[in-house]
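The residues making up each chain are set out below.
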Amino acid sequence: MIHNIVMLDTAAQRKAMLQMFQKGTCLDYRKGEFVIRPGETPPGVFYVESGLVKAYDITKYGEENLLIIRKENEIFPLLWAFTGEGRNVIYEALGPTKVWRLDRAEFLDYIQKRPDILQQTLGVILEMYRIHSERIMNLEYRTVRERLVAFLLIMSNRFGREIDSGFLVDVPLKHQDIASSINASRETTGRELSQLEKKGLIEATKQSCFILKDTEALHKILGDHPTAT
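Predicted model, so just to flag it, every value in this text is computed and none were measured.

Engineer: Go over unusual backbone geometry, please, and point to the residues and values.
Structural biologist: Following Phe-76, the chain continues into Pro-77 via a peptide bond in cis, with omega recorded as -10°. Residue placement: Pro-77 occurs in the loop between strand S6 (75-76) and helix H3 (78-83). One non-glycine residue with positive phi stands out, namely Asn-73, at about 70°. Tracing the chain through its elements places Asn-73 in the loop between strand S5 (64-70) and S6. In the Ramachandran plot, Asn-183 falls in the positive-phi region, its phi being about 55° despite a non-glycine side chain. Examined against the element boundaries, Asn-183 turns out to sit in the loop between helix H7 (175-182) and helix H8 (186-198). Under the relative-accessibility criterion, Asn-183 is labelled exposed at 60%.

Engineer: How would you explain the packing of aromatic side chains if you had to name every residue and give the values?
Structural biologist: With the rule as written, the count across this model stands at 5 aromatic pairs. Each ring, one from Phe-21 and one from Phe-107, has its centre 5.9 Å from the other, and the planes form 45°; the classification is tilted. With Phe-21 in helix H2 (residues 11-21) and Phe-107 in helix H4 (residues 104-113), the pair connects residues that are 86 residues apart, well separated along the chain. A relative accessible area of 0% means that Phe-21 is categorised as buried. Judged by its relative accessible area of 0%, Phe-107 is buried. Between the aromatic rings of Phe-76 and Tyr-91, the centroid separation amounts to 4.7 Å while the plane-to-plane angle is 15°, which identifies the pairing as stacked.

Engineer: Describe in detail the environment of Asp-170, supporting the description with residues and values.
Structural biologist: Following the sequence through the fold, Asp-170 ends up in the loop between strand S10 (166-169) and H7. Measuring from C-alpha to C-alpha, the distance between Asp-170 and Phe-159 comes to 5.7 Å, with 11 residues separating the pair along the chain. Each residue touching Asp-170, except ones within four places of it in the same chain, is listed here: Leu-52, Phe-159, Arg-161 and Cys-209. Engagement of the side chain of Asp-170 in a polar contact is seen with the side chain of Arg-161, the distance being 3.2 Å.

Engineer: Requested: an account of empty space enclosed by the protein, with residues and values cited.
Structural biologist: Applying the stated criterion to the full structure yields 1 cavity of 30 Å³ or more. Volume-wise, the largest cavity comes out at about 190 Å³. Mapped by element, the contributors of at least two residues to the lining of the largest cavity are S5, helix H5 (115-138) and helix H6 (144-159). The residue inventory of the lining of the largest cavity, partitioned by class, reads 9 nonpolar, 3 polar and 3 charged.

Engineer: An account of H7 is requested, with residue identities and associated values reported.
Structural biologist: Most of H7 sits inside the fold, with 7 of its 8 residues counted as buried. When we look at burial in H7, the residues that qualify are Gln-176, Asp-177, Ile-178, Ala-179, Ser-180, Ser-181 and Ile-182. On its buried face, H7 is in contact with strand S4 (53-58), S5, H5, H6, H8 and strand S12 (210-212).

Scoring rules and cut-offs
Residues numbered from 1 in each chain as written. Predicted model: local features only at pLDDT ≥ 70, side-chain atom pairs only at ≥ 80, totals over all residues. Heavy atoms only, no water. Helix = DSSP H or I, 4+ residues; strand = E, 2+ residues; numbered from the N terminus. Buried < 20%, exposed > 50% of the residue type's maximum accessible area, 1.4 Å probe, protein only. Phe/Tyr/Trp six-rings, centres within 6.5 Å; stacked < 30°, edge-to-face > 60°. Contact = heavy atoms within 4.5 Å. Polar contact = N/O pair within 3.5 Å; in protein donor to acceptor, adjacent residues only side chain to side chain. 1 Å grid on protein atoms, 1.4 Å probe; cavity = no way out; pocket = protein on both sides within 12 Å on 5 of 7 lines; lining within 4 Å. Points joined across faces, edges and corners; volume = space filled by probe spheres on them. Nonpolar A, V, L, I, M, F, W, Y, C, P; charged D, E, K, R; others polar.

Right, here's the structure in full:
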């Protein structure tokens, strides 16, 4: 049943969802601009037409804690959209980003009238649940290196595209973003990234992205069988 819901994310339904949000307001953001500011009540439900939006909070130590990165055809903030419950989550554009903002009441009214759009929305919710579940399971690895490799492979599944030299994880990731996701310090994360790069398994780009150059070797670090990324 879950599989069937996820597979309902068709081009026609994505078009219908975009058309629904186009009844609202179109907003363009540059890299580093806030979509939802710290402590701000969401002004509506957002649909990402293009670009990337980083969701994070600030720990008691004043560090950013990466929660998720929203990409095109995704909706946020989902919890608030359905329950009205707010969380102190910050949403920031990671590059040139175009979103549509729709009033929450209009959003809820529309999906109640359109079961196909509701099904796609459920698919987005399930995908978010899967991502957070993977993050929790990732923390079961004992070493920072294993957690780091698992994180990179997960990000490759979500944002990767094949290029001549491997798989490009086409999303900018700061060391702090990675560190917060794998429960490690920024310094340790940086050292482990350097070691993987020295071994020729990954390559950092000038845009703070990563190329996974040998996914088979990365999977072997986790002790599992290589799978397509």
